[in-house]
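A closer look at the structure
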Amino acid sequence: MRFDVVSIFPEYLAALELSLIGKARQDGLLQVGVHDLRDFTTDKHRTVDDTPYGGGAGMVMKPEPWATALAAMLDTEAPAAKRPVLIVPSPAGEVFNQKLAYELAEEDHLVFACGRYEGIDERVLEWAEEHYTVRPVSLGDYVLNGGEVAVLAMVEAIGRLVPGVVGNPESLIEESHSDGLLEYPVYTKPSSWRERDIPEVLLSGNHAKIAKFRRDEQLRRTAARRPDLIAALDGATLSKAERNTLWELGYAVVDGKVAKRTD
């Protein structure tokens, strides 16, 4: 899988050389290119921004350096039907989540455009649609100084889903959001620490009871921290045991939907 990132602060992306993503690059599982937008300017000052039409605070990133940079990211030998995906970090984009991470991990080539200031001239996105599948994406309902922080998060979330990047693929199945719920709490040795003991069921060796305990804890934790995820569950796919746990937590399954109990 290939990632290309365009930024005016390429040094910001140095973290992509570390940890699992860095190792995956060394092992050839991921190709990651970081490119300085200023290298695609033509004036001696390497200018990438200008004042906004219509007035207003801040500066807007100029279209020509971006068009030149994005054109350079295209693989001229790739099939015309297989467009790369251009991801533009933006608070005005669709919200990034685990489902989207899995979807993007199926792509062959992702290009990230790290905007700064008041953003990138809108015409760049219109032009890019002739060559890319363009997807403005947001990490959440807040504003960052630029797209680099968002790209670091997205590349890690997507890259770790590529086969071979994470050593034990089973860990991807059990982690938060993989099935719509938060991950259950985890413990390690010693079994008793500062007068706090781990749940006894984890010492029982009974795998069925351990699995049920962990599933119940997922439901409890999600109900407490992210009730919106509980409401999004497909009630028709829940087991009897899961429905019972949800009932204890104050939820009921009605017509295939999970909702707060009213009794």
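Residues numbered from 1 in each chain as written. Predicted model: local features only at pLDDT ≥ 70, side-chain atom pairs only at ≥ 80, totals over all residues. Heavy atoms only, no water.

1. Quick notes on unusual backbone geometry
Cis peptide bonds are those with omega within 30 degrees of zero, and the linkage from K189 to P190 qualifies with 5°. One can find P190 in the loop between α6 (170-174) and β8 (192-193). Backbone geometry places E195, a non-glycine residue, at a positive phi of 65°. One can find E195 in the loop between β8 and β9 (196-197). (Helix = DSSP H or I, 4+ residues; strand = E, 2+ residues; numbered from the N terminus.)

2. Considering the packing of helix α7 (residues 207-225) against helix α9 (residues 240-248)
Packed helices, taken two at a time, are described by the angle between their axes plus the distance between the axes. Axis separation between α7 and α9 bottoms out at 10 Å; the angle between their running directions is 40°. For the element pair α7 / α9, the angle class is oblique. Viewed along their axes, α7 and α9 form a crossing whose handedness is right-handed. In this structure, α7 contributes K212, R215, D216, L219 and R220 to the contact, and α9 contributes A241, E242, T245, L246 and E248. Of the residues that constitute the contact of α7 with α9, the class distribution is three nonpolar, one polar and six charged. (Axes fitted to C-alpha atoms, helices over the stretch in contact; angles between N-to-C directions. Parallel < 35°, antiparallel > 145°, perpendicular 65-115°, else oblique. Left-handed = near helix turned anticlockwise from the far one by under 90°. Contact = heavy atoms within 4.5 Å. Nonpolar A, V, L, I, M, F, W, Y, C, P; charged D, E, K, R; others polar.)

3. A few points about the nonpolar core
Residues F3, L30, F96, L110, F112 and I158 are the most contacted members of the largest nonpolar core, which totals 30 residues. Mapped by element, the contributors of at least two residues to this core are β1 (2-7), α1 (19-26), β5 (85-95), α3 (98-105), β6 (109-113) and α5 (148-159). The element that contributes the greatest number of residues to this core is α5, accounting for seven residues. Excluding residues that lie within four positions of it along the chain, L30 makes contacts with M1, F3, I21, A24, R25, G159, V162 and V165. F40, A69, A128 and V134 belong to the second largest nonpolar core, which has 20 residues in total. (Core = buried A, V, L, I, M, F, W, Y, C linked by side-chain atoms within 4.5 Å. Buried < 20%, exposed > 50% of the residue type's maximum accessible area, 1.4 Å probe, protein only.)

4. Describing a negative patch on the surface
Together, E122, E126, E129 and E130 make up a region of like negative charge exposed at the surface. Secondary-structure assignment places E122 in helix α4 (residues 122-128). (Patch = residues over 30% accessible without salt bridge, like charges linked within 9 Å, V, L, I, M, F, W, Y side chains within 5 Å. Areas by Shrake-Rupley, 256 points an atom, 1.4 Å probe, with all protein chains shown as cover. Salt bridge = Lys/Arg side-chain N within 4 Å of Asp/Glu carboxyl O. Lys, Arg positive; Asp, Glu negative; His and termini not counted. Charge placed at Lys NZ, Arg CZ, Asp CG, Glu CD.)

5. Some thoughts on the pattern of salt bridges
For the coordinates displayed, the defined rule picks out 14 salt bridges. Between R46 and D39 there is a salt bridge, with its nearest N and O atoms 2.5 Å apart. Its relative accessible area of 32% is what places R46 among the partly exposed residues. Among the ionic pairs, E103 bridges to R135, the shortest N-O distance being 2.6 Å.

6. Describing the environment of P79
By the secondary structure assignment, P79 is in the loop between α2 (63-73) and β5. Through-space distance from the C-alpha of P79 to that of V151 is 26 Å; in sequence the pair is 72 residues apart.

7. Some details on the pairing of β1
The element β1 is extensively covered by neighbouring structure, given that five of its six residues are classed as buried. Note that β1 and strand β2 (residues 31-36) share six bridges and pair parallel. Counted as the bridge partner of R2 is Q31 from β2. Sheet topology places β1 next to β6; five bridges connect them, and they run parallel. Paired with R2 across the two strands is H109, which belongs to β6. (Pairing = 2+ DSSP bridges.)

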